[in-house]
Structures are given as C-alpha cells and as structure tokens.
Amino acid sequence: MEPIEAQSIPFRPWDGEIVLDRKTLPFVLAKKKGEGSKTPEGTGAYADIVELNEDNIASFEGFVPADIADHIGRVFFFGLVAMVHDVPSCGMVWELLNMREHKEKESRILWLKTLDEEAADEMLKRYEGLLYEDGVKTSSYLIPAEPVCPEKEFLEARGFGADLSEGDEIIASLKQIRNIQLLKKTQAGRESRPLSELNQSELEAALSRMEKMGFRGLCDDLIFLPRMYFENEVSSCYVSEDQIQGLLLIHRLPSSRLKIVLLSAVGKDYNRILVKLMKRTMDSLSELYSEDTEIIIDRHNLATLALGEKLFPNELGKPFFIGSRKEKA
Amino acid sequence: MKATKKREDDRLTVAVEGSIDVKSAPELKEELEGELEDISELVFDLTETSYTSSAGLRVFLGAYQTLSKRGGKMILKGVNPAFYDALEMAGFTYFLDIER
C-alpha cells in the first residue's frame, strides 16, 4: 500500500482530485469527526446549531431516534441539532447521494424534527450552507406520513414539494419469511456459507466486484463499511468455482430489527442463488434470534419490488411524504 | 388486467378487471396517460379487481398526486377486503378516499 499524506486529503474529497477509497477513508472520517462544530458565540443566533458526529451523537439519545443515530459516522451521512437554552429543539439527518459518480449530487433528508420554527430555520440555513460546500444541487426528503405532520408543513413552506408516497420498506417477522413456500422447498446447499468464513481480502474483493457491477444495495458507502457493520454469522455468501457469486448482508439496527442491506448475485443463475442465500440466512437467523424478530426488506428498485410482491403479496409499505427542491449550488 | 374508462364531464371512472401487479401496473399507468389533465375527479372502480399489489398502489398514488396538485379528488371504489386491510394496516386509509 502506498503511503498517504494525511494533510493532502481534503475533508470533502469528492470535490478534489483525491479519490475516496479505502486508503483515504480513515483520514476523511477523522477530519469529519474533528469538524463537528457549534455556532460561534456572539453571533446573535437564536439557536446553537451542533453538527452531529460519532463523539457527540450519544448526548442526543432519546432525541434522535436510535435507528437514525446509527447512520452518524458513516461517510455520506450528516446531521444537525438545534439547541435552544441548551435543550435540543430541532434536528435533522441527511444522506448525500451520487457522491462517487459523475451524476448530479443530491441530499436526502431522512429525519427531521421541528419543535421550534425559529430554531428550525437557523438549522435549515446551516444545512443549506453545508450542501453548498458539497456542491449539492437537489435536496429531497422522505418522512413518515402522519395525519398531522408539522415537518411536512415546514418543508413545504420552504419550497419543497409534498407528495404522498409508499415507502420502500416492508417489515416481516422471521416466522413469516420462514413460512414462505419457496424457501421451505429450497436447500441452501454447500455453496451458501456464513460471511464469517470469508477473510477480509475475499470480502473486499467481493464487495468491489459487486459494486463495479452496480450492486450497492442500500449503501452508496458499501465498500467503506466496516466488516462488523454486518452480522457475520447470519449474513451469507455464495461461493462457486472459487468465486463469490452472491452476497446477502444483514445489519442489526439499535432497535434490534434486522435490515437486509445487500442481496445480490451475479451470473445466469442469479435468481436461484438469491433464494439459496435467503434460505441459509433465515436458517441461521432462526438458531440465533426469536421467530418474532422483525426483518426489514427494502424494495428500492423494480427487481426488489417484484421480489417483495412474490414473497409478501399482501404487504404494503408505510405512507411517506416526499418532496424536493433545487439548492443554490 | 383490463381497464375500461368512462368519462362524464370532468369525472373519469376507470374500472379495472383482473389483478394489478408489478407486470400489469405499467399498463394501467399507460391507460391514464393524458387522461388526468382536465378532470377534477378520478374514480378507480376496483369491484372486479382480484388483487392489487404495491405496484398498483403506486399507480393510484401517482394519479392522486397529479389531481391533488390541482385541488382534484381521487376515489378508490369497491376495494376488496384484503386490499383494504393492507391499506389500513399500512396507514393509507387516513389519506385516501376509499369506498368499500
């Protein structure tokens, strides 16, 4: 591995000449951590805006939902909390999209809380500034739809659209999945193995290969996630002819729900491999987890929507409000 | 899936026979193209619809968005119990106008 000069790595490498990869990532994360700042004193600001990072996120336990806080520390996830008289009154977490591709950069707000409108406006102003620094041109949001939803009203009044949509996620219990006929009839086979059997370089090679083929699952930062992000015993790989041909990666959320973050296979038999991977993962889950354990399946593209329809024909995603606006980049 | 359209002034009724799934939903979406521009009320008559999946719901929501931006209205009529239960469980019955 070539030596890297830490000073030469910009905080936001996507705008520089440095390529964000495994070698540069530790420096980027270290700088990101160091940058978490508060509003300087004496600015006359109503709220104190805090940038979230791995070091301070625990102080907002109970305010930022645990499964949302789980994203903080990942390379493309950011968050702000607005403090009024030292009490958190507003917060938001967003994800940057298309940061490693030659596409228009986007931000997607995943969580927003606006208990105090003035503080929320100051927080949004900081958000806009950060997007400007990142060269983000479009900002969107995706928040759970409730009959009374002040966050939606807040964003709508600030130029975001507001449409009702169906969420991509469906949640099924382990028991429900184990009872799917297709899985009952399937044998996982010797080729389906636990992720723990892969050494680090084999896993990295498999993830890079999947990524080159466009399979990132839910994660733009898939190749940067630490190995322990995945549940190694229940996540599965499919190895045939000395090649990893499929991966099913599971992440355990703080709420104890399990989320499938990647389910991909390559080759002409990819459909059969996907089912075998599911079978192995569900078998190992039932040894380690109760049958009530909830599993989140994200139907983020047409293929996964079709798979969801086949496996859970009567399940619908939750309603969400979605909207977007152009930013000043 | 077969969709039959009936226009009465600014009201369009689309009666759907068969199932609306990931394969047939694009056909239903195509049937609606250009039809929503000058109507104020859209009724999906689902009395003869045997099954509706997420893909079908997404077509309804697309039409709902188009109409609600203009202050129009969308009604789902004749919704079968299984689909109604799924809509209710997910939380869509708060937002959509549904007649069983």
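Relevant structure appears above.
Being a predicted model, the structure only gives us computed values, none of them experimental. (Residues numbered from 1 in each chain as written. Chains lettered and ligands numbered in written order. Predicted model: local features only at pLDDT ≥ 70, side-chain atom pairs only at ≥ 80, totals over all residues. Heavy atoms only, no water.)

Attention shifts here to the sheet that holds strand S6 (residues 163-166) of chain A. Residue and element names in this part refer to chain A. With mixed pairing, 7 strands are arranged side by side in an open sheet as S1-S2-S3-S4-S5-S13-S6. Taken across any chain shown, the strands that pair with only one partner, and hence form the sheet edges, are strand S1 (48-51) and S6. Within the sheet, the average angular offset between the axes of one strand and its neighbour, ignoring direction, is 30°. When strand S2 (residues 77-84) meets strand S3 (residues 87-97), the two strands line up antiparallel, connected through 8 bridges. Opposite Leu80, over in S3, you have Met92 as the bridge partner. (Pairing = 2+ DSSP bridges. Helix = DSSP H or I, 4+ residues; strand = E, 2+ residues; numbered from the N terminus. Axes fitted to C-alpha atoms, helices over the stretch in contact; angles between N-to-C directions.)

It is worth spelling out unusual backbone geometry at this point. Residue and element names in this part refer to chain A. One non-glycine residue with positive phi stands out, namely His85, at about 50°. Relative to the helices and strands, His85 is located in the loop between S2 and S3. Taking the relative accessible area as the measure of exposure, His85 reaches 72% and is therefore exposed. A positive phi angle, close to 50°, is found at Glu241, a residue other than glycine. Residue position: Glu241 is located in the loop between strand S9 (236-240) and strand S10 (243-252). You can call Glu241 exposed: its relative accessible area is 72%. (Buried < 20%, exposed > 50% of the residue type's maximum accessible area, 1.4 Å probe, protein only.)

All names here are of chain A. Bridging between strand S5 (residues 138-144) and strand S13 (residues 319-326) involves 7 bridges; their strand directions are antiparallel. Within the sheet, the bridge partner assigned to Thr138 lies in S13 and is Lys326. One ladder, built from 4 bridges, connects S6 with S13; its direction is antiparallel. Note that in S13 the partner of Asp163 across the bridge is Ile322.

What follows covers empty space enclosed by the protein. All names here are of chain A. Summed over all chains, the structure comprises 3 cavities of 30 Å³ or more. The volume enclosed by the second largest cavity comes to roughly 70 Å³. Around the second largest cavity, the lining residues are Leu182, Leu183, Leu263, Leu274, Val275, Met278, Leu307 and Leu311. Mapped by element, the contributors of at least two residues to the lining of the second largest cavity are helix H6 (181-185), helix H8 (270-288) and helix H9 (302-311). It is H8 that provides the largest number of residues to the lining of the second largest cavity, a total of 3 residues. Broken down by class, the residue content of the lining of the second largest cavity amounts to 8 nonpolar, no polar and no charged. (1 Å grid on protein atoms, 1.4 Å probe; cavity = no way out; pocket = protein on both sides within 12 Å on 5 of 7 lines; lining within 4 Å. Points joined across faces, edges and corners; volume = space filled by probe spheres on them. Nonpolar A, V, L, I, M, F, W, Y, C, P; charged D, E, K, R; others polar.)

A separate point is the pattern of salt bridges. Under the definition given, this model contains 24 salt bridges over all chains. For Glu95 of chain A, the salt bridge goes to Arg108 of chain A, with nearest N and O atoms at 3.1 Å. With Glu95 of chain A in strand S3 and Arg108 of chain A in strand S4 (residues 106-114), this pair connects stretches of sequence that are 13 residues apart. When its relative accessible area of 5% is taken as the criterion, Glu95 of chain A is described as buried. Measuring nitrogen to oxygen at the nearest pair gives 2.8 Å for the salt bridge that ties Arg325 of chain A to Glu128 of chain A. Within this pair, whereas Arg325 of chain A is found in strand S13, its partner Glu128 of chain A is found in helix H3 (residues 117-134), the two being separated by 197 residues in sequence. On the basis of relative accessible area, Arg325 of chain A is assigned to the buried category, the value being 13%. Of the residues examined, Glu128 of chain A reaches a relative accessible area of 24% and is grouped as partly exposed. Overlapping salt bridges, with partners in common, bring together Glu166, Asp168 and Arg299 of chain A together with Arg58 of chain B in one network. (Salt bridge = Lys/Arg side-chain N within 4 Å of Asp/Glu carboxyl O.)

Quick look at the interface of chain A and chain B now. Contacts between chain A and chain B engage 22 residues on the former and 22 residues on the latter. For the pair chain A and chain B, the summed buried surface comes to about 1,800 Å²; carbon and sulfur atoms form 62% of the total. Summed over the shared surface of chain A and chain B, the number is 3 salt bridges. Between Asp163 of chain A and Lys69 of chain B there is a salt bridge whose closest N-O contact spans 3.3 Å. The interface formed by chain A and chain B contains 11 residue pairs in polar contact (both at pLDDT 80 or more). Put simply, the parts of the chain that give the side of chain A that touches chain B at least two residues each are S6, H9 and S13 of chain A. Considering only residue class, the side of chain A that touches chain B consists of 10 nonpolar, 4 polar and 8 charged. (Contact = heavy atoms within 4.5 Å. Buried area = accessible area lost by both parts, 1.4 Å probe. Polar contact = N/O pair within 3.5 Å; in protein donor to acceptor, adjacent residues only side chain to side chain.)

The next thing to look at is the packing of aromatic side chains. This model, assessed by the stated rule, comprises 9 aromatic pairs over all chains. Between Tyr229 of chain A and Phe230 of chain A, the aromatic rings sit 5.5 Å apart at their centres with planes inclined by 90°, giving edge-to-face as the arrangement. Directly above the aromatic system of Phe321 of chain A lies the positively charged group of Lys152 of chain A, at a separation of 4.7 Å from the ring centroid. Note that Arg100 of chain B overlies the ring of Tyr84 of chain B, its terminal NZ or CZ placed 3.8 Å from the centroid. (Phe/Tyr/Trp six-rings, centres within 6.5 Å; stacked < 30°, edge-to-face > 60°. Lys NZ or Arg CZ within 6 Å of the ring centre and 35° of its normal.)

Right, let's get into the environment of Leu258 of chain A. All names here are of chain A. Here Leu258 is to be found in strand S11 (residues 258-265). For the pair Leu258 and Phe230, spaced 28 residues apart in the sequence, the C-alpha separation amounts to 10.0 Å. Leu258 has contacts with Ile250, His251, Arg252, Leu285, Tyr289, Thr293, Glu294, Ile295 and Ile296, leaving out every residue within four places of it along the chain.

Moving on, we get to the sheet that holds S10 of chain A. Residue and element names in this part refer to chain A. One open sheet holds the 6 strands; their spatial order is S7-S12-S11-S10-S9-S8, and the pairing between them is mixed. On the outer flanks of this sheet lie strand S7 (169-173) and strand S8 (192-194), each paired with one strand and no other. Across this sheet, the average inter-strand angle for adjacent strands is 25°, counted without regard to direction. Sheet topology note: the S10/S11 ladder contains 7 bridges and is antiparallel. Across the sheet, the residue bridging to Leu249 is Leu262, located in S11.

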